[in-house]
Amino acid sequence: MSTYRLQLHAGFDFDHASAIADYLRDLGISHIYCSPYLQAAPGSMHGYDVVDHRKVNEELGGLEGHGRLRWRLGELGLGQILDIVPNHMALGSGNGLWWDVLENGPSSRYSTWFDVNWHPEEAKLQNKVLVPILGDQYGKVLADGQIQLVRRGAGFVIAYFDGVYPVAPRSLYGLLQRAAEYAHSDSLSFIADSFARLPAPESTDLSVAANRHRDKAVIYALLERLCEEDLHICQSIDLAVSDLNNNIDALDDFLNQQNYRLAFWRTADQELGYRRFFDVNTLIGLRVEREHVFEETHALVLQWLKEGVLDGVRVDHPDGLRDPEGYFRRLREHSPDGWIIGEKILEPGEYLRQEWPIHGTSGYDFLNVCNGLLVHGEGLEEMTTIYADFTHEPVEFDDVAHEKKHHVTQEALGSDVNRLAALLVEICENNRDRRDTTRAEIRRVIREVASCFQVYRTYVATDRDEITDEDRYRVWQAIHEAKRRRPDLDPGLFDFVGDVLTLKVRGFRENEFVMRFQQFTSPVMAKGVEDTAFYTYNRMIGLNEVGADPARKSIGVEEFHSYCTTMQQTHPQTMTTLSTHDTKRSDDVRARLAVLTEMPARWRAALNRWSRMNAEFRGEKYPDRNTEYFLYQTMIGVWPISRERLIPYMDKAMREAKQHTSWTNNNREYEEALHGFIERILEHEPFVKELEQMVERVQEAGWMNSLTQTLVKYTAPGIPDLYQGGELWDFSLVDPDNRRPVDYDLRRRLLGEAAELSPEQMMERMPEGLPKLWLIHKALLLRREHPEWFGPHAAYTPLEVQGQKAAHIVAYLRNHSVITLAPRWRMKLGDSWAGTTVEIPEGRWRNVLTGEMEHGGRQKVASFLQRFPVALLVRE
């Protein structure tokens, strides 16, 4: 019926969640919805960096804390949904599976778990994994003594500052032979020889790998016993280790014998040999399409679903999987009745594949429809002119997005391009019409086609010979656009790539290229658009949200009804949300910013005046006009905000933009100038006074916008989700700002007080957020009392509205029993509805927000909205 998202971490663990469970029940929530809580990397604040799928996160309370939460939820009659992460795992010593891979190379028992290319183009990386963690060039780091071999009991690790890495068993032969000479020990010499006789790590035969692991364990046990029995053996080994660490050539040779190569962190973008989560080196892709990997990584989750501990799951980043539909089908087989949703990012005009056996998405599509509903189309067009005049930045978003995506394919995702290019080179070599194509041209074509995709990816399944008409359309749309943008490249090569991607050209390598290319376009879109273009194209930053097209015009009421009708017919139990842990701005920030589209002339005047007013605080070059434009909108959206919150946020935003600074190349001059500018304007009383006046002007309309989208979320088709703390006004920016502690004591108190207040008294406490809390509470109780009114079979019917202000009201009926009346464009609306009417079905209707009774028939809209800004009517 509803979910409440909780972000779990060491500071808010299972016991903290248990402590607020009764409040969530009283609010009307039916299910808590937890961030991932399998064992994550130490200190994780989000849980997406899983290191062990077989354990419950110890920092959250472990299995015991999880049991207490289960018991408390059961006692209160609450269900539970869990966010799960099938696409990747975190690297590091906490990940025993990856440690085994680094120690044993391709012959590791777990080498098939990870998406590693053991045979790249570079000879130096054959059967090795690149580990890009060094702070400088390898040779310099080695010469500075920063890499050392360390003995730990009978074992050894390679240490680099706080990081430790395993040692390949066969590489110990020379070290232990020298130690045996020092100790005059035949036993130690035998152990050294035994390590040398282990099968080569290149062997991937399962029986060989199993025997190798058994023999390795026995040899280490012998070494441990020998060290325990003879202290002189340990001293001799330590002497040999010291010799090695003090001989740079010998240490270099030893490191070259490992199954991995320590490297400068900057090499990752071009030479990394494993699939990552986007461009995060420490999150490695899992081969979850392999049955044994799926079963092992999902054992606990599937057990909880079977036992009823979980009622459903939210699947993180399914677009990263090799075969999302195949994955969902396997998951559905294990959980026939579970509520399964996927974090599928849909672009405008794109809908979730109906053949996927899941209930829907995690709600970004709904969020963006609501966002578009609140902005004023004419004002938005005028803001385009304002933005261009002030910043002189490009205003064609498609061109901006293409440029940023293309840049990402050249830089952060260069290693992925190289891997695809190697495949396509082989394909071309075996096709006489394409065999003379150069590797450089192939790289250019791959980058261009990927940059021209208008959706995250296609879903061709080569092993099932499945391709839909939509897939074909998306591929050829990208091919034609790529040919238009790059007439200097061979159009025949573009067409050949299109033929491969649409299964017109088949073969083993072709199939592999198709599947890997589909996994590639998703990070290109995410990193190029979400994490770059959304911070450079700043016309109206409230529209720069996950899955959005910031250049899109506003959404009309009819378009909104069409969307809801489609969702009710196709995915009536999808998630509807307004804020998530990943949104760029919270719903209340976006609601306030949308008001600017209703008053573009005032925005233009304020923008130019503030820029002149603060000109003395700018340096010779920085901050630039685009940054200044972005900053002023941000301050309007979240005011009041402290420098302690604003400066780190602006640092993050501008590094993501990559125009003047970035995460990998900090421009200190730019960032220091920006910090100084922010500090000075926050102390500049004339500017702060004007800013506060502007916020005061848009604040009430922003609150009304928030109430409108909140009511719609709880009554439109779908299962509404509430992000932690969002039941009151929440003016948060992107993480970590949106993960600040939530004051649940305050929310408990206000919920208790609200029950005793009249609508008028409630409205007097608007600044506290009480009307939003009350609206959520009443809507949730209604869903709890009458789930059939909002369920998969509940009809969605737009209501007829007539009059001059008809475009200002969203009116619809659910299941012939409950009516939503939600206004928009409050600034433009003014104080008069000008006689606008709505056709209410016959009968007696009670407004659950005010208690007033109304009759059916054609009624004036104003009569429903006199005591509370929105109306929720139920048939008596």
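None of these values were measured; they are calculated from a predicted model.

Here we come to the nonpolar core. Grouped together as the largest cluster of nonpolar side chains are 133 residues, with contacts concentrated most on Tyr37 and Trp603. Counting residues per element, this core draws most heavily on helix 27 (residues 685-715), which supplies twelve residues. Grouped together as the second largest cluster of nonpolar side chains are 60 residues, Leu91, Leu97, Val167 and Cys234 included.

Within the element layout of this structure, Arg590 appears in helix 22 (residues 587-594). A relative accessible area of 2% means that Arg590 is categorised as buried. Within the structure, Arg590 has its side chain in polar contact with the backbone oxygen of Leu578 (distance 2.5 Å). Here Arg590 is in contact with Leu367, Asn371, Gly542, Glu545, Leu578, Thr583 and Arg585, once residues within four sequence places are set aside.

Turning next to the sheet that holds strand 13 (residues 280-285). Spatially, the three strands line up as an open sheet ordered 6-13-12, and their pairing is antiparallel. At either end of the open sheet lies a strand with only one pairing partner, and these are strand 6 (88-90) and strand 12 (276-277). Bridging between strand 12 and strand 13 involves two bridges; their strand directions are antiparallel. Bridge pairing links Arg276 to Ile284 in strand 13.

Turning our eyes to something else, we now look at the packing of helix 15 (residues 397-410) against helix 20 (residues 508-530). For the pair helix 15 and helix 20, the least separation of the axes is 8 Å and the interaxial angle reads 120°. Read as a crossing pair, helix 15 and helix 20 show a hand that is right-handed. Here Phe397, Ala401, Lys404, Lys405, Val408 and Thr409 of helix 15 lie close against helix 20, whose contacting residues are Phe520, Val524, Met525, Lys527, Gly528 and Val529. Taken together, the residues of the contact of helix 15 with helix 20 break down into seven nonpolar, two polar and three charged.

For the coordinates displayed, the defined rule picks out zero disulfides. Residue Cys234 stays outside any disulfide, its sulfur separated by 3.7 Å from that of Cys227, the closest cysteine. Cysteine Cys564 remains unbridged, with the sulfur of Cys370 as its closest cysteine sulfur at 7.7 Å.

In this structure, Asp365 sits in helix 13 (residues 364-374). For the buried Asp365, no salt bridge is present, and the opposite-charge side chain at shortest range is Arg552, 10 Å distant. What Asp365 contacts, discounting residues up to four positions off in sequence, is Leu346, Tyr563 and Met567.

Attention shifts here to the environment of Met654. Residue placement: Met654 occurs in helix 25 (residues 643-657). Considering only alpha carbons, one finds Met654 and Thr532, 122 residues apart in sequence, at a separation of 9.1 Å. If we skip the residues at most four places from it in the chain, Met654 touches Thr627, Phe630, Gln659, Thr661, Tyr670 and Leu674.

Attention shifts here to the pairing of strand 14 (residues 312-315). Residue alternation in strand 14 divides its side chains into two sets, Gly312 and Arg314 and Val313 and Val315, and both sets are buried. Both strand 5 (residues 79-84) and strand 14 contribute to a ladder of four bridges, which runs parallel. Looking at strand 14, one finds that Ile84 is bridged to Val315. Taking the sense of rotation as the criterion, the β-α-β connection linking strand 14, helix 12 (residues 324-334) and strand 15 (residues 339-342) turns out right-handed.

What follows is about the packing of helix 17 (residues 439-451) against helix 20. As a packed pair, helix 17 and helix 20 sit with axes 9 Å apart at the nearest point and diverge in direction by 60°. With respect to helix 20, the axis of helix 17 lies oblique. Along this stretch, helix 17 crosses helix 20, giving a crossing that reads as right-handed. Residues Ile446, Val449 and Ala450 of helix 17 lie in contact with helix 20, whose contacting residues are Phe513, Phe517, Phe520, Thr521 and Val524. Within the contact of helix 17 with helix 20, the residues separate by chemical class into seven nonpolar, one polar and no charged.

The rules behind these values
Residues numbered from 1 in each chain as written. Predicted model: local features only at pLDDT ≥ 70, side-chain atom pairs only at ≥ 80, totals over all residues. Heavy atoms only, no water. Core = buried A, V, L, I, M, F, W, Y, C linked by side-chain atoms within 4.5 Å. Buried < 20%, exposed > 50% of the residue type's maximum accessible area, 1.4 Å probe, protein only. Helix = DSSP H or I, 4+ residues; strand = E, 2+ residues; numbered from the N terminus. Polar contact = N/O pair within 3.5 Å; in protein donor to acceptor, adjacent residues only side chain to side chain. Contact = heavy atoms within 4.5 Å. Pairing = 2+ DSSP bridges. Axes fitted to C-alpha atoms, helices over the stretch in contact; angles between N-to-C directions. Left-handed = near helix turned anticlockwise from the far one by under 90°. Nonpolar A, V, L, I, M, F, W, Y, C, P; charged D, E, K, R; others polar. Disulfide = S-S within 2.5 Å. Lys, Arg positive; Asp, Glu negative; His and termini not counted. Salt bridge = Lys/Arg side-chain N within 4 Å of Asp/Glu carboxyl O. Right-handed = clockwise from strand over helix to strand, strands pointing away. Parallel < 35°, antiparallel > 145°, perpendicular 65-115°, else oblique.

These values are about where atoms sit, not about what they do.
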